[in-house]
Amino acid sequence: MPNLDLVVREIADEMRQRRDRGEVATYIPELACIDAQAFGLAVIGVDGRVAAAGDSDTAFSIQSISKVFTLTLALGKIGDRLWRRVGREPSGSPFNSIVQLERERGVPRNPFINAGAIAVTDVILSGHQPREALGEILRFMQFVADDPSITIDEAVAASEQRTGFRNIALANYMKSFDALDNPVDFTLGVYFHHCAISMSCRQLAMAGRFLAHLGRNPTTGHSVVQPERARRINAVMLTCGHYDGSGEFAYRVGLPGKSGVGGGGILAISPGKASIAVWSPGLDANGNSHLGRVALEALSKRMGWSIFGA
Ligand code: GLN
């Protein structure tokens, strides 16, 4: 069995030397100035072992990675009825695409494209004030990560609220099909804020442990979701977690994963083995962390972790 600590350190060293770092996203102004040289990697085994290297304790904007946790919460609230509000098929479209929505009459293709995540947020918001819903999402994140220090970066949320015209358009368009229950401003306010949760690779890998371990926190034994639900969330991450780059990610890395555009992070799950978070702000053409994917490909290969075999 390869030595995990060594593999993680080697990969961080290799990534530090690479010049192909991708492009930092600029569409959320507050995030345009992140250091493209940053790189962090944290792996937490289901046995509690932690292997981390690089900037693994620096907090970054998790952006769309938060959608894994809002999906988990919304499924907890309304169960399989959620699938009437949002599909679970890969979209083959960019994360912020609007074209499919017209054909599908306001029911987004999956919970990870922006339109789908906005619909999921709307489900969590129903019956609450935005502040309460946001508090619930943040507390859930703190609970699964076992870390009450996790916070929301208000400046990032405000920045996106000022400039997120595409998301505002998507939400209004869904509302025109009656596909949102709450006022558009309320749903978007909660959405922008949960995208602005700030976490380090170590915190994020901690938060993902339940998905690697049949729905339970392997350290405390607390059940977060039933094993069947963890398996299904992993399935949606595999097929939809990287937007129109999901096929490439499965081909190269072979693990369920969820990327975040603005911050450049990826959460990946090796079922039964480990929860992994990587951070490198430069993105590829599909808006996924370029070196994050390269690092995960190396990790999965060297550890023999691809779900598709060696
Ligand atoms: N908050 C970002 C947006 O809605 C999240 C996108 C992402 O990380 N893919 O555009």
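The preceding data block contains the structure.
These notes cover the structure that comes with them. (Residues numbered from 1 in each chain as written. Predicted model: local features only at pLDDT ≥ 70, side-chain atom pairs only at ≥ 80, totals over all residues. Heavy atoms only, no water.)

### Structural notes on the pairing of strand 9 (residues 274-279)
- In terms of burial, strand 9 is a largely internal element, six of the six residues being buried.
- Strand direction decides the pairing type here: strand 2 (residues 40-45) and strand 9, joined by six bridges, are antiparallel. Bridging across to strand 9, G45 finds its partner in A274.
- One ladder, built from six bridges, connects strand 8 (residues 265-270) with strand 9; its direction is antiparallel. By the bridge assignment, I269 is partnered in strand 9 with S275.
- Taken together, strand 8 and the strand that follows it, strand 9, pair antiparallel across an intervening segment of three residues, in which G272 is found at a positive phi of about 80 degrees. (Buried < 20%, exposed > 50% of the residue type's maximum accessible area, 1.4 Å probe, protein only. Helix = DSSP H or I, 4+ residues; strand = E, 2+ residues; numbered from the N terminus. Pairing = 2+ DSSP bridges.)

### Describing the pattern of salt bridges
- Applying the stated criterion to the full structure yields 15 salt bridges.
- Of the charged contacts, one joins E10 and R302 as a salt bridge, the two residues approaching to 3.4 Å between their closest N and O atoms. Pair noted here: E10 is in helix 1 (residues 4-17) and R302 is in helix 14 (residues 290-303), with a separation of 292 residues, a long-range link.
- Judged by relative accessible area, E10 falls into the partly exposed class, the value being 35%.
- For R85, the salt bridge identified is with D181, shortest N-O distance 3.3 Å. A residue pair is termed long-range when its members are at least 10 positions apart, and R85 in helix 3 (residues 82-85) and D181 in the loop between helix 8 (165-176) and helix 9 (184-195) qualify at 96 residues.
- Connected through shared salt-bridge partners, E248, R252, R293 and E297 make up one network. (Salt bridge = Lys/Arg side-chain N within 4 Å of Asp/Glu carboxyl O.)

### Some thoughts on the site of the ligand
- The ligand sits among 13 residues. The nearest are Q63, S64, N167, Y191 and V261.
- Interatomic distance of 2.5 Å between a side-chain N/O atom of Q63 and a nitrogen atom of the ligand.
- Within the side chain of N167, one N or O atom sits 2.8 Å away from an oxygen atom of the ligand.
- In isolation the ligand exposes 300 Å². Once the protein is present, 100% of that is buried.
- Taken together, the residues of the shell around the ligand sort by class into six nonpolar, six polar and one charged. (Near = heavy atom within 4 Å. Polar contact = N/O pair within 3.5 Å; in protein donor to acceptor, adjacent residues only side chain to side chain. Areas by Shrake-Rupley, 256 points an atom, 1.4 Å probe, with all protein chains shown as cover. Nonpolar A, V, L, I, M, F, W, Y, C, P; charged D, E, K, R; others polar.)

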